[in-house]
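Report on the structure
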Amino acid sequence: MRASVHVRVPATSANLGAGYDCLGLALARYNEVTLAVADELVVSIEGEGADRLPRDGSHLVLRAAAAAAQAAGRELPPLALAQHNRIPLARGMGSSSAAIVAGVLGANALLDLGLDQAQMLDICTAVEGHPDNVAPALLGGLTVCCLAGEQVLVSRLQVAAGLTCVLVVPDFEVSTEAARRVLPQTIAHADAVFNLCRSSLTVAALVSGQFDLLREATRDRLHQPYRAPLVPGLEQVIAAALAAGAHGACLSGSGPTVLAFVSEGEEEVAQAMVKAFARAGVTAAPHLLALAPTGAQVSDESDRRNSRD
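Reading the values: rules and limits
Residues numbered from 1 in each chain as written. Predicted model: local features only at pLDDT ≥ 70, side-chain atom pairs only at ≥ 80, totals over all residues. Heavy atoms only, no water. Helix = DSSP H or I, 4+ residues; strand = E, 2+ residues; numbered from the N terminus. Rg over C-alpha atoms; globule rule 2.2 N^0.38 Å. Buried < 20%, exposed > 50% of the residue type's maximum accessible area, 1.4 Å probe, protein only. Contact = heavy atoms within 4.5 Å. Lys, Arg positive; Asp, Glu negative; His and termini not counted. Charge placed at Lys NZ, Arg CZ, Asp CG, Glu CD. Core = buried A, V, L, I, M, F, W, Y, C linked by side-chain atoms within 4.5 Å. Pairing = 2+ DSSP bridges. Axes fitted to C-alpha atoms, helices over the stretch in contact; angles between N-to-C directions. Phe/Tyr/Trp six-rings, centres within 6.5 Å; stacked < 30°, edge-to-face > 60°. Lys NZ or Arg CZ within 6 Å of the ring centre and 35° of its normal.

With that out of the way, let us pick up the overall build of the protein chain. The helix and strand inventory of the protein chain stands at 11 helices and 11 strands. Here the protein chain has a C-alpha radius of gyration of 19 Å; the compact-globule value for 309 residues is 19 Å, and the two agree. Taken over 309 residues, the protein chain has a buried fraction of 51%. Within the protein chain, contacts between residues at least 6 apart in sequence are counted, and of these 74% link residues at least 24 apart. Side-chain charges of the protein chain comprise 22 positive and 31 negative groups, with the mean position of each set lying 4 Å from the other.

Written as structure tokens, this is what we have:
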């Protein structure tokens, strides 16, 4: 058993327009978590959510760590948790998935649980409820997921070079639960076909580098039209991104962040999106993020300190 471990987990964007609950993309903004076995539970938090996240066993990192230990037939000992968050909470950028992945990977390494990657993905998905964010957080790159019973089937793909993501983050939150409540129980057959075509096209465009296809591929009929009332100006922000030169644009996860795929003119696209939000009465901050080809990384905290000296 190690004395302590450090886990670095990327942000993620799920759905990518038409790929509802099956597509996810890792982004180069990272939360960092350090876990160590301790005499009693200690939780310290810096950055996003430091003023509101729990500092007891209900903390999501610790709940995920406990789920990993239980899956391995072990009991989670008291831990010292230190968390530095850079991913905004409840904005559609995978903050909860980052916490879950950090807890599962951290516990597996710290306690020598012996879980393999597939087992860890299944545990993360069971805690989160769906795999579209936890898969890219764990694996990196572009992931395509399918739930087969309690097992997650996943394919990790490399996105072609030359793409950057502009994410414009509004100054309000939308919980995943609230975003799911507005979705209809049934959909028209034509809408299902519409999204099947475009979700497949999204994967093809991202992997092949045919980024011009993303304008049509990121259109959606399954979730964005129903979530639009939760995000004032959503349609106008997407239109502004496209008019400014983005290849495609969509709601990031369940929102309210809006993501645009760009190859050039990132600043122009970002400012056009910010202004469109402003016209809807929403203050928003732009972020230009590279894609993250690798997922969560675990290292010994002692080795990490030595590498900085």
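Next comes the rest of the account.
Within the element layout of this structure, T283 appears in the loop between helix 10 (266–279) and strand 10 (284–289). For T283, a relative accessible area of 53% translates into the label exposed. Along the backbone, T283 and V168 are 115 residues apart, and their C-alpha atoms lie at a distance of 9.8 Å. Once residues lying within four places of it in the same chain are set aside, the contact partners of T283 are V169, P170 and D171.

Attention shifts here to the nonpolar core. By size, the foremost hydrophobic cluster in this structure holds 64 residues, and its most contacted members are L25, V101 and F261. Discounting residues that sit within four places of it in the chain, V101 has contacts with V9, G106, C124, V134, A137, L138 and A296. Membership of the second largest hydrophobic core comes to 25 residues, among which are V237, V269, A270 and M273.

Another point: the sheet that holds strand 10. Adjacent strands of a sheet pair through backbone hydrogen bonds, lying either parallel or antiparallel. Taken together, four strands build an open sheet; the order of strands is 8-9-7-10 and the sheet is antiparallel. One side of each edge strand has no neighbouring strand; the edge strands of this open sheet are strand 8 (248–251) and strand 10. Here the strands of the sheet are splayed against their neighbours by 20° on average, with no regard to which way each runs. Pairing of strand 7 (residues 164–170) with strand 10, which is carried by six bridges, proceeds in the antiparallel orientation. If you follow V169 over to strand 10, its bridge partner there is A285. The strands that helix 9 (residues 234–243) touches are strand 8 and strand 9 (258–262); relative to strand 8, the one it contacts most, it runs at about 160°.

A separate point is the pairing of strand 9. Judged by how many residues are buried, strand 9 sits mostly within the fold: five of five residues are covered. Along strand 9, one buried face is formed by V258, A260 and V262 and the opposite face, lined by L259 and F261, is buried too. With five bridges joining them, strand 7 and strand 9 adopt antiparallel strand pairing. The residue of strand 9 that forms the bridge with L167 is L259. As paired strands, strand 8 and strand 9 are joined by four bridges and run antiparallel to one another. Bridging across to strand 9, C250 finds its partner in L259. Connecting strand 8 to the next strand, strand 9, in antiparallel fashion are six residues, including G253 with a positive phi near 60°.

Here the focus is helix 9. Buried within helix 9 we find L234, V237, I238, A240, A241 and L242. In the core, the buried residues of helix 9 are packed alongside helix 7 (214–217), helix 8 (224–227), strand 8, strand 9 and helix 10. Two residues or fewer after helix 9 comes G245, characterised by a positive phi angle close to 115°.

Another point: unusual backbone geometry. The general pattern is negative phi for most residues beyond glycine and trans for most peptide bonds. Omega for the bond connecting G255 with P256 falls within 30 degrees of zero, at 5°, which places this linkage in the cis form. Here P256 shows up in the loop between strand 8 and strand 9. Positive phi is not limited to glycine here, since A90 has a value of about 50°. Positionally, A90 belongs in the loop between strand 4 (79–85) and helix 2 (95–110). One non-glycine residue, D112, lies in the positive phi region at around 50°. Tracing the backbone shows D112 in the loop between helix 2 and helix 3 (117–128).

Turning next to the packing of aromatic side chains. Counted by the stated rule, this structure contains zero aromatic pairs. Note that R8 overlies the ring of Y30, its terminal NZ or CZ placed 3.7 Å from the centroid. Positioned over the ring face of F194 is R198, at 3.6 Å from the centre of the ring.

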